[in-house]
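Here is how the chains run, residue by residue.
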Amino acid sequence: MSEPESEQYPALPPTSWAVLGMLSFGEELTGNELKKWADWSIGFYYWSPSVSQVYAELKKLEKLGLVQSRLVNEPGTRGRRLYAITESGIDAVRTWSREAPVEMPVLKHGVMLRMYMGHLNDPDQLKAIVREHIVNLEDKLRRAGEHAEHSDREPGWAFSQMSLRWAERYFRAEIELSNELLDDIDRAAAQFARSDIDDLGLPRPRNPGSWNGVSEGLGGDNVEPSSTNEADTQAY
């Protein structure tokens with residue numbers, strides 16, 4: 001989704017700002033190099049793009065005058081197209097970084113989605129999923145730490161290094177939450193066992209539609225089933 005139009009900076013999707021940000025470290029880079037750098041840095045907490053995504057962003061930004069490119073031919077090798085941020089690009093990304101509205105991050109947690117529908121699984125399998133998730137997190141934690149350590153070579157990467165240290169803390173906290181989840185699964189299984197289960201193994205609702213009351217902050221107990229309103233009817 002693009003940012004709202006501003007007098008100071010153009011309406012661009014977040015991935016465009018990410019590319020401009022990576023080009024703001026003073027180097028000319030190919031699309032492949034930008035992809036590698038994204039995996040090395042912002043891929044730990046924001047975006048791990050494909051090469052085609054990177055080049056699509058670069059072409060768009062060049063058309064807008066925020067990026068410029070040049071073809072470099074070296075003897076015995078294929079030509080390389082190097083991209084650099086323009087003065088207009090620097091002004092735009094600097095203004096966006098300073099003035100864009102602060103938004104809540106969007107969390108899309110595949111493991112938690114599977115925990116949410118844990119009634120379709122069994123506790124031991126759910127725990128196996130969580131343990132595999134922890135192994136993946138430990139690998140990300142290790143690599144984020146290694147990349148942060150190697151960021152010392154350039155003083156200009158100080159804030160990049162800071163973000164990698166944040167990623168380390170994030171993965172460490174996620175590991176702790178996931179370990180707690182192993183005990184939570186047992187408690188949830190014990191509570192679920194009190195449900196009235198149908199022939200398909202699904203829980204029969206005691207108060208159909210009570211989730212609507214919970215979402216409105218009314219609590220889930222003794223809530224009358226919600227009737228179909230006019231808006232719901234018109235939607236179909």
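Described in the following lines is the structure provided in the data block. For clarity, every value in this text was computed on a predicted model and none was experimentally measured. (Residues numbered from 1 in each chain as written. Predicted model: local features only at pLDDT ≥ 70, side-chain atom pairs only at ≥ 80, totals over all residues. Heavy atoms only, no water.)

In terms of regular secondary structure, the chain is built from nine helices and two strands. Along its sequence from the N terminus, the chain presents helices and strands in the succession α-α-α-β-β-α-α-α-α-α-α. Looking at the chain as a whole, 33% of its 236 residues qualify as buried. Expressed as a percentage of contacts within the chain between residues at least 6 apart in sequence, the contacts between residues at least 24 apart total 52%. (Helix = DSSP H or I, 4+ residues; strand = E, 2+ residues; numbered from the N terminus. Buried < 20%, exposed > 50% of the residue type's maximum accessible area, 1.4 Å probe, protein only. Contact = heavy atoms within 4.5 Å.)

As a further point, take the packing of aromatic side chains. Going through the model one piece at a time under the given rule, you end up with ten aromatic pairs. Each ring, one from Y45 and one from W166, has its centre 6.2 Å from the other, and the planes form 90°; the classification is edge-to-face. Placement of Y45 in the loop between α2 (31–40) and α3 (51–63) and of W166 in helix α7 (residues 158–192) is noted, with a sequence separation of 121 residues between them. Y45 sits in the partly exposed class, given a relative accessible area of 34%. For the pair Y170 and F171, a centre-to-centre distance of 5.5 Å together with 70° between the ring planes defines the contact as edge-to-face. On the basis of relative accessible area, Y170 is assigned to the partly exposed category, the value being 34%. Taking the relative accessible area as the measure of exposure, F171 reaches 5% and is therefore buried. Three or more aromatic residues link up through ring pairs in this structure, and these residues are F44, Y45, W166, Y170 and F171. (Phe/Tyr/Trp six-rings, centres within 6.5 Å; stacked < 30°, edge-to-face > 60°.)

Together, L113, Y116, M117, L120, L200 and L202 give the surface a local cluster of nonpolar side chains, amounting to about 670 Å² of exposed area. Its location among the elements puts M117 in the loop between α5 (110–116) and α6 (123–149). (Patch = residues over 30% accessible without salt bridge, like charges linked within 9 Å, V, L, I, M, F, W, Y side chains within 5 Å. Areas by Shrake-Rupley, 256 points an atom, 1.4 Å probe, with all protein chains shown as cover. Salt bridge = Lys/Arg side-chain N within 4 Å of Asp/Glu carboxyl O.)

Its location among the elements puts E57 in helix α3. Accessibility expressed as a relative area gives 10% for E57, which makes it buried. If we skip the residues at most four places from it in the chain, E57 touches P13, T15, S16, V19 and W47.

A few words on the nonpolar core. Across soluble globular proteins, you tend to see nonpolar side chains buried next to one another. V19, L20, L23, L34 and L58 are the most contacted members of the largest nonpolar core, which has 25 residues in total. Among the secondary structure elements, those contributing two or more residues to this core are α1 (14–23), α2, α3, β2 (80–85) and α4 (87–99). Residue contributions to this core peak at six residues, all from α1. (Core = buried A, V, L, I, M, F, W, Y, C linked by side-chain atoms within 4.5 Å.)

Looking now at the side chain of S16. Locating S16 in the fold gives a position in helix α1. Judged by relative accessible area, which is 0%, S16 ranks as buried. Within the structure, the side chain of S16 is placed 2.5 Å from the side chain of E57, a separation counted as a polar contact. In this structure, S16 is in contact with E57, K60 and L61, ignoring residues within four places of it in sequence. (Polar contact = N/O pair within 3.5 Å; in protein donor to acceptor, adjacent residues only side chain to side chain.)

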